[in-house]
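Geometric and topological summary
What follows is each chain in one-letter form.
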Amino acid sequence: MALTETPPETVDAASATDASPTPSQPTGLAAVLGSGDHKVIGRLYIVSALVLGLLVVGLGEGFALEGIKPETYDIYGLDSAFQLFTLARIGTVFLLALPLLIGLAMVVVPLQVGSRAIAFPRAAAASYWGWLLGAALLLGSYAINGGPGGGSAEGVDLWIASMGLLVLSVLLAAVSIATTVIALRPAGLYLARVPLFSWSMLIASIMWLLTLPVLFGLLVLMYVDHRLGDSVFVGSPAALYPNIQWLFRNPQIYVVAIPVLGLLGDVLQTVSGARMKLRGVAQAAIAAFGLLSFGAFLVAPSEAALDSFLVIGMGLLAVLPLLALAASCADLFRAGSFKLRAGVIYAVAAFLILLLGVAAGAVGSIPDVLDAPKGGALADNIFFLGVSHAAILAAVIAGLGGIHWWATKVGRQPASEGLGMLAPLVLLLGAALTVIPDLIAGIAGDGLQRNADFTGGYAGGNAAVAAGIALVALGVVIAVVSFLPLLKRRDDAPADPWGGLTLEWLTPTPPPLDNFVADLPVVTSAEPLIDQREET
Amino acid sequence: MFKTGSKFLYGVAAFGFVAAIVYAIATGGQKVDGIDTLLGPITFGYKGGVGDHVGFTILVVLSAVSFFLAVVLSALHDADAEAEAQVVGLETVPDAPTPFNANYWPIVGAFSAAAIVLGLAIGSELFVIGCVGAAIATAEWAISAWSDRITGDPVVNAGIRARMMHPIEIPVAAVLGIGLFVAAISRILLALPKNGSYVVFGLVPAIIFGVGILIVTKPKLSRSVIAGLLLFGGFAVLAGGVAAAIAGERKHEGGHDDAKHEAEAGGRIAVSLPEPGQTVIRVAN
């Protein structure tokens, strides 16, 4: 029997050969394509969401303009109006609001919880690429006459399958974000001490994980049914859309807006410079709002289901967490100071629009307040479109506000403060003009079926909505212009422009690959940077 | 034991269960008369009605899943770093590793998922390609996840991974790449007009030769430029191939010859049927 031994010098030589050539790190496009850095992935999400978002806002503007003359088709055709309506509604959630918030969370959450990486970084990267390709295929499905109400069988199949890819990608991102908050905190940073934005993202991610699989299951059923002869979702492909409408009405639509509450808490606490005495109340309020936004059980609801105690109770109770959070934040200013910053205007604007939507949702859930529109069910009342728009617009304003507030972490220097103050004011005005006319028309018992062009509402109100959406688009453009400095390197860019209280402000601008240059301090409270200042 | 995260999930579980009962009663259309009304929802429909089945089921599942997650979080102390450190006998838990090396498998996985989605709508070939891509991406991703954690040095990790996987990856990638390239180019050549196919036949090798010379003479060419060139070229050829395959082959001159060739090769010939008024003479041997 032969014994083969490798001489020691050969092993050494082999090891030396393998270890010595240090592979150079890819840069530019190659680095972006293969990156597992949460900041790079987050930035990709943000940029893509803003680009696709403007397209979706443009579609919405078209519908509002269409509604000014409800009896005629002025912009969209008879064949495409319903399809484009569904694209506008799906797009605002899946192509704009959710990816914008996910992108922001991908950048900020690991920094806030003191982690050097996001949990499952490659899954986070896959979630972005999956979402991007899913979005492209979704748009492609409409381009080939697909989507609900589409005339092409392949296009309808592609719409269902691409929706599935979008949902899976969002779920993957939610898993990464939630796991980061739960499992990657440093010693001493208990969940009770986690910054409110991260806490709100944890709650939002959990709620997405609990509800979006229901949508995925529904999409699987739709696909199988559509391929095998439409025996469940009987009728035309347009019959598919009512089955996913639960996503866009309250309470489910509130899951998109949960991070609004976290942004408000974090921004107001930072400008006050004080410890939050009612932190427990604020955390409980965010958690309760998350809980009350669970709406997956309203898949294809009956009239009896919408009038059930549970739906009414959830609708009415949803206002309370918002008021509790507002009280917790107001209490901060008894001990601290107040400085007006663009971030504050963004956060307050987003909160006010959300409060408007949730209060309207509470009113709408009271039996007999709203009438079913002529020729439709109660769920078709345009009032719920207003509530849905409020939640989505609040999420978008919060997303833009978060980018402004954490500009030195998202980009290379702070955003323009002057434009940053103007943008949320324009967005607030635009959002109010978009939401309120639909709420008024809904109280009058109006529905989407009333008009031939599927716009709903009244001509005068729709003119206001058109102006509102145009203002929202203008607000987004102003915000994007205010973000342009983020692209430019500045050597003296401050790491902490606001006098922050939480760990993310310890990172330099822009943050390096492993986030923190020095070792983190031992966390002994929810405001570790106040502790650090008190020690020195 | 019961910390913030687990408390939230216990709360969701309780909410889901109570909500399921309230919802079952509210949508059941039954009179509220004592324990009988509750019996159906509490026994999950075994001893009575539960109203709207879909909503009831989703709320019960919400409750069960949340309870399971809450128990897991309680057991792990909400993944508290200090508790974990005690379990593994360390003072602190090591930081999560930063993903140092570029990893292209997530994007390959995403493209595979997109191919599956397209295949579900358009055709089974794309679905199969997507499934194969997803399987390869999953295996490679798993290997990368393992190799990222072998040692604390990312450079050594990359070396170990390369030594293990390159003997498999490079030949397979070469075969797949060349196969796809040849298939796409052949579709393009078959679809283009005769003169166009001559141009493409000359142009594509010239471009490949030019890019090859560029890479060889400029060894310091950035990876991004190379990646961009390869991506652009790959997409152009594949998109051209797919478009050409959809458009179909050009009409060949002398279709009769094709049938003849086929007959010579032992294939089946399409025999034209006689016109209605045509006389057919049968000759018996």
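Residues numbered from 1 in each chain as written. Chains lettered and ligands numbered in written order. Predicted model: local features only at pLDDT ≥ 70, side-chain atom pairs only at ≥ 80, totals over all residues. Heavy atoms only, no water.

The next thing to look at is the packing of aromatic side chains. Residue and element names in this part refer to chain A. A full pass over the atoms with the stated rule returns 17 aromatic pairs over all chains. When the centroid spacing of 6.3 Å and the interplanar angle of 90° are considered together, the rings of Trp405 and Trp505 count as edge-to-face. With Trp405 in helix α14 (residues 383–405) and Trp505 in the loop between α17 (459–483) and α18 (528–535), this pair connects stretches of sequence that are 100 residues apart. Relative accessible area serves as the criterion here: at 3%, Trp505 is assigned to the buried category. For Arg249, the ring lying beneath its charged end belongs to Phe384, and the centroid distance is 4.3 Å. (Phe/Tyr/Trp six-rings, centres within 6.5 Å; stacked < 30°, edge-to-face > 60°. Helix = DSSP H or I, 4+ residues; strand = E, 2+ residues; numbered from the N terminus. Buried < 20%, exposed > 50% of the residue type's maximum accessible area, 1.4 Å probe, protein only. Lys NZ or Arg CZ within 6 Å of the ring centre and 35° of its normal.)

What follows concerns the packing of helix α7 (residues 154–191) of chain B against helix α9 (residues 223–247) of chain B. Between two packed helices, both the angle of their axes relative to each other and the distance between the axes serve to describe the pair. Residue and element names in this part refer to chain B. Between α7 and α9, whose axes approach to 8 Å, the crossing angle comes to 50°. Relative to α9, α7 is oriented oblique. Crossing hand, α7 versus α9: left-handed. Taken together, the residues of α9 that come into contact with α7 (itself represented by Leu180, Phe181, Ala184, Ile185, Arg187, Ile188 and Ala191) are Val237, Leu238, Gly240, Gly241, Ala244 and Ala245. (Axes fitted to C-alpha atoms, helices over the stretch in contact; angles between N-to-C directions. Parallel < 35°, antiparallel > 145°, perpendicular 65-115°, else oblique. Left-handed = near helix turned anticlockwise from the far one by under 90°. Contact = heavy atoms within 4.5 Å.)

Note on placement: Ser302 of chain A falls in the loop between α9 (279–292) and α10 (303–306). Remark: the alpha-carbon pair of Ser302 of chain A and Leu378 of chain A, spanning 76 residues in sequence, is separated by 9.8 Å.

Before going further, it helps to examine the interface of chain B and chain A. Residue-level contacts link 56 residues of chain B with 68 residues of chain A. In this assembly, chain B packs against chain A so that about 5,300 Å² is buried in total across both faces, 74% of it on carbon and sulfur atoms. Inspection of the chain B/chain A interface yields zero salt bridges. Between chain B and chain A we count three residue pairs in polar contact (both at pLDDT 80 or more) in total. Of all elements in the fold, only α1 (4–26), α3 (53–75), α4 (81–87), α5 (105–121), α7 and α9 of chain B reach the threshold of two or more residues within the side of chain B that touches chain A. Per-element accounting of the side of chain B that touches chain A gives the leading share, eleven residues, to α1 of chain B. For the side of chain B that touches chain A, a count of residues per class yields 36 nonpolar, eleven polar and nine charged. (Buried area = accessible area lost by both parts, 1.4 Å probe. Salt bridge = Lys/Arg side-chain N within 4 Å of Asp/Glu carboxyl O. Polar contact = N/O pair within 3.5 Å; in protein donor to acceptor, adjacent residues only side chain to side chain. Nonpolar A, V, L, I, M, F, W, Y, C, P; charged D, E, K, R; others polar.)

Counted under the stated rule, the structure contains ten salt bridges over all chains. In this structure, Asp492 of chain A engages Arg490 of chain A in a salt bridge whose closest nitrogen and oxygen atoms are separated by 2.9 Å. Residue Asp492 of chain A is classed as exposed on the basis of its relative accessible area of 58%. In this structure, the salt-bridge partner of Arg161 of chain B is Glu169 of chain B, at a minimum N-O distance of 2.6 Å. Residue Arg161 of chain B shares its accessibility class with Glu169 of chain B, and that shared class is buried. Within the structure, one salt-bridge network assembled from shared partners comprises Arg275, Glu527, Asp531 and Glu534 of chain A.

With that out of the way, let us pick up empty space enclosed by the protein. All names here are of chain A. The full count for this structure, using the stated rule, is five cavities of 30 Å³ or more. In this structure, the second largest cavity encloses a volume near 70 Å³. Every residue along the wall of the second largest cavity is listed here: Val93, Phe94, Leu98, Trp208, Thr211, Leu212, Leu247, Gln252, Ile253, Val255 and Val256. Broken down by secondary-structure element, the contributors of at least two residues to the lining of the second largest cavity are α4 (81–112), α7 (196–227) and α8 (254–272). Here the residues of the lining of the second largest cavity are counted per class, giving nine nonpolar, two polar and no charged. (1 Å grid on protein atoms, 1.4 Å probe; cavity = no way out; pocket = protein on both sides within 12 Å on 5 of 7 lines; lining within 4 Å. Points joined across faces, edges and corners; volume = space filled by probe spheres on them.)

What follows is about the side chain of Ser169 of chain A. All names here are of chain A. The topology assignment puts Ser169 in helix α6 (residues 153–183). Looking at Ser169, the relative accessible area reads 4%, which means it is buried. Discounting residues that sit within four places of it in the chain, Ser169 has contacts with Tyr45, Ser127, Gly130 and Trp131.

Looking now at the nonpolar core. With 201 residues, the main nonpolar core has Phe94, Trp159, Trp208, Phe297, Leu354 and Leu400 of chain A as its most contacted residues. Counting residues per element, this core draws most heavily on α4 of chain A, at 21 residues. Ignoring any residue separated from it by four or fewer positions in sequence, one finds Leu354 of chain A in contact with Ala257, Val260, Leu261, Phe289, Leu322, Ala391 and Ala394 of chain A. Judged by nonpolar contacts, the second largest core, of seven residues, contains Ala184, Val200, Val237 and Ala244 of chain B. (Core = buried A, V, L, I, M, F, W, Y, C linked by side-chain atoms within 4.5 Å.)

For the rest of this paragraph, the subject is helix α11 (residues 309–317) of chain A. When we look at burial in α11 of chain A, the residues that qualify are Leu310, Val311, Ile312, Met314 and Gly315 of chain A. Where the residues of α11 of chain A are buried, they touch α9, α10, α12 (319–335) and α13 (342–365) of chain A together with α1 and α3 of chain B.

The next thing to look at is the confidence of the model for chain A. Residue and element names in this part refer to chain A. For chain A, the average pLDDT comes to 86, and 89% of its residues sit at 70 or higher. Taken element by element, the predicted model of chain A shows its lowest mean pLDDT in helix α1 (residues 8–19) (43) and its highest in α8 (95). Taken together, the stretch residues 1–22 has pLDDT below 50 and engages in six contacts with residues farther than four places along the chain or on a different chain. (pLDDT = per-residue confidence, 0-100.)

Residues and elements named next belong to chain B. The grouping of Phe127, Val128, Val132, Ile136, Ile168, Val172 and Leu176 at the surface amounts to a nonpolar patch, some 560 Å² of accessible area in total. It is helix α6 (residues 124–147) that contributes the most residues to the nonpolar patch, four residues altogether. Along the chain, the position of Ile136 falls in helix α6. (Patch = residues over 30% accessible without salt bridge, like charges linked within 9 Å, V, L, I, M, F, W, Y side chains within 5 Å. Areas by Shrake-Rupley, 256 points an atom, 1.4 Å probe, with all protein chains shown as cover.)

Once that is clear, we can look at the confidence of the model for chain B. Per-residue confidence for chain B averages 77 on the pLDDT scale, and 77% of its residues sit at or above 70. Ranking the elements of chain B by mean pLDDT puts helix α10 (residues 255–264) of chain B last with 51 and α5 of chain B first with 90.

Turning next to unusual backbone geometry. All names here are of chain A. Geometrically, the link from Asn250 to Pro251 is a cis peptide bond, its omega value of 5° lying close to zero. Here Pro251 is to be found in the loop between α7 and α8. The residue after Thr509, namely Pro510, is reached through a cis peptide bond having omega -15°. Within the secondary structure, Pro510 sits in the loop between α17 and α18. Phi is positive for Phe120, which is not a glycine, with a value near 50°. Taking the relative accessible area as the measure of exposure, Phe120 reaches 45% and is therefore partly exposed. Positive phi values are uncommon outside glycine, yet Asn515 reaches one of about 70°. Of note, Asn515 is situated in the loop between α17 and α18.

There is a patch of like negative charges on the surface, built from Glu303, Asp307, Asp368 and Asp371 of chain A. A relative accessible area of 45% places Asp371 of chain A in the partly exposed class. (Lys, Arg positive; Asp, Glu negative; His and termini not counted. Charge placed at Lys NZ, Arg CZ, Asp CG, Glu CD.)

All names here are of chain A. At their nearest, the axes of α8 and α12 sit 9 Å apart, and the two run at 10° to each other. Viewed along their axes, α8 and α12 adopt a mutual orientation that is roughly parallel. Only Leu322, Leu325, Cys329, Leu332 and Phe333 of α12 make contact with α8, whose side of the interface consists of Leu261, Leu264, Gly265, Leu268, Gln269, Val271 and Ser272. Split into classes, the residues belonging to the contact of α8 with α12 amount to nine nonpolar, three polar and no charged.

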